[in-house]
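Residues per chain are reported as follows:
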Amino acid sequence: MLANNLKEVQEEIRKACEKAGRNPEEVTLIAVSKTKPNEAIEEVYATGMREFGENYVQELVGKIETLPKDIRWHMIGHLQRNKVKYLVGKVCMIHSVDSLRLAEEISKESVKKNVTTDILIEVNVAEEENKFGFKVEEVEGFLREAVNLPNINIRGFMTSAPYVSDPEENRHYFRILRELLVDINAKNIDNGNKDVLHLDSLSMGMTNDYRVAVEEGATLVRVGTAIFGARNYNN
Ligand SMILES: *Cc1c(COP(=O)(O)O)cnc(C)c1O
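A. Main features of the site of the ligand. The full set of residues close to the ligand is Val32, Lys34, Asn55, Ile76, Ser160, Met206, Thr207, Arg222, Val223, Gly224, Thr225 and Arg231. Interatomic distance of 2.6 Å between a side-chain N/O atom of Asn55 and an oxygen atom of the ligand. Between the ligand and Arg222, the relevant distance is 2.8 Å, taken from a nitrogen atom to a side-chain nitrogen or oxygen of the residue. Protein coverage of the free-state accessible area of the ligand, which is 390 Å², stands at 88%. Among the residues forming the shell around the ligand, the class breakdown is four nonpolar, five polar and three charged.

B. Looking closely at the pattern of salt bridges. According to the stated counting rule, one finds 23 salt bridges in the structure shown. The shortest N-O distance in the salt bridge between Glu54 and Lys63 comes to 2.8 Å. In terms of burial, Glu54 and Lys63 fall into one category: buried. Two residues, Glu109 and Lys112, come together in a salt bridge whose shortest N-O distance is 3.8 Å. With Glu109 and Lys112 both in helix H5 (residues 100–113) and three residues apart, the pair spans about one turn of that helix. Judged by its relative accessible area of 64%, Lys112 falls in the exposed class. Where salt bridges share partners, they join Lys19, Glu168, Arg171, Arg175, Arg178, Glu215 and Glu216 into one cluster.

C. Structural detail: helix H7 (residues 171–186). In a regular helix each residue adds 1.5 Å, so 16 residues correspond to 22 Å; H7 covers 23 Å between its end C-alpha atoms and thus fits that length. Taken together, the buried positions of H7 are Arg171, Phe174, Leu177, Leu180, Leu181, Ile184 and Asn185. Those residues of H7 that are buried lie in contact with helix H6 (139–146), strand E6 (152–158), strand E7 (201–203) and helix H8 (210–215). Once H7 finishes, Asn188 follows within two positions and takes phi at roughly 45 degrees, a positive value.

D. Seen up close, the pairing of strand E5 (residues 117–122). For E5, a buried count of six out of six residues is recorded, marking the element as mostly surrounded by other parts of the structure. Side chains Thr117, Ile119 and Ile121 project from E5 onto one buried face, and the interleaved Asp118, Leu120 and Glu122 project onto a second face that is buried too. Of the strand pairs in this sheet, strand E4 (residues 93–97) and E5 are connected by three bridges, and their pairing is parallel. Bridging from a neighbouring strand, Met93 pairs with Asp118 of E5. Remark: the E4/H5/E5 crossover connection has right-handed handedness. Bridge analysis of E5 against E6 gives six bridges, and the strand direction is parallel. Along E6, the bridge assignment pairs Asp118 with Asn153. Since E5 and E6 lie parallel, the crossover through H6 that links them has a hand, and here it is right-handed.

Here is what the cut-offs are and how they apply
- Residues numbered from 1 in each chain as written.
- Predicted model: local features only at pLDDT ≥ 70, side-chain atom pairs only at ≥ 80, totals over all residues.
- Heavy atoms only, no water.
- Near = heavy atom within 4 Å.
- Polar contact = N/O pair within 3.5 Å; in protein donor to acceptor, adjacent residues only side chain to side chain.
- Areas by Shrake-Rupley, 256 points an atom, 1.4 Å probe, with all protein chains shown as cover.
- Nonpolar A, V, L, I, M, F, W, Y, C, P; charged D, E, K, R; others polar.
- Salt bridge = Lys/Arg side-chain N within 4 Å of Asp/Glu carboxyl O.
- Buried < 20%, exposed > 50% of the residue type's maximum accessible area, 1.4 Å probe, protein only.
- Helix = DSSP H or I, 4+ residues; strand = E, 2+ residues; numbered from the N terminus.
- Expected span 1.5 Å × (residues − 1).
- Contact = heavy atoms within 4.5 Å.
- Pairing = 2+ DSSP bridges.
- Right-handed = clockwise from strand over helix to strand, strands pointing away.

In structure tokens form, the structure reads like this:
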């Protein structure tokens, strides 16, 4: 059953790419498995899916220890600095970097473990009060400081758009984030490695709005409910 859900989402991504004239290989689907048991993840894994996303450190670490080692785990939830040490070296990407101090901690821990960690900068494009992330106008200033941190690779941006009944209402926010990426790349920000900062990743789109996000340039979409069904936070 979950295999069918997954297939449907993949088909919708393919259609959105076709509509936008994009190559579907540019879009990576992340199955967001927070609150879901290992059995559900294994069912999706059995279809060949290897990209999974989680929000809570303790739950994620437990799953990393018990599920197949070739899963690529994405940390997509708010991350506290004192928990960074549990994730560095174990996740393929941290999507939710929302402060310079957090980026510094990821850098420090990555140096200690002799790894490089891919990160995304969380942007609160819609400026919702209950959400984490930089405002659009804060991003460049942050990047000019963060580019000098060792052992982190800043790949791009992540956003969670508002919950809306019509996903078209979010198109505007996705477009702003893509334009921000283009603008930042055009600034040729010196990254201290005799090189310039080049961002290539946009993590945007969830169950409700991933089709629109793909049309607007998403390279990573984070889909939970459409694959695993509704979440129950009581157990
Ligand atoms: C839970 C979550 C998702 C998945 O949401 P769905 O609506 O279930 O697809 C994606 N991104 C983040 C940051 C989340 O917390």
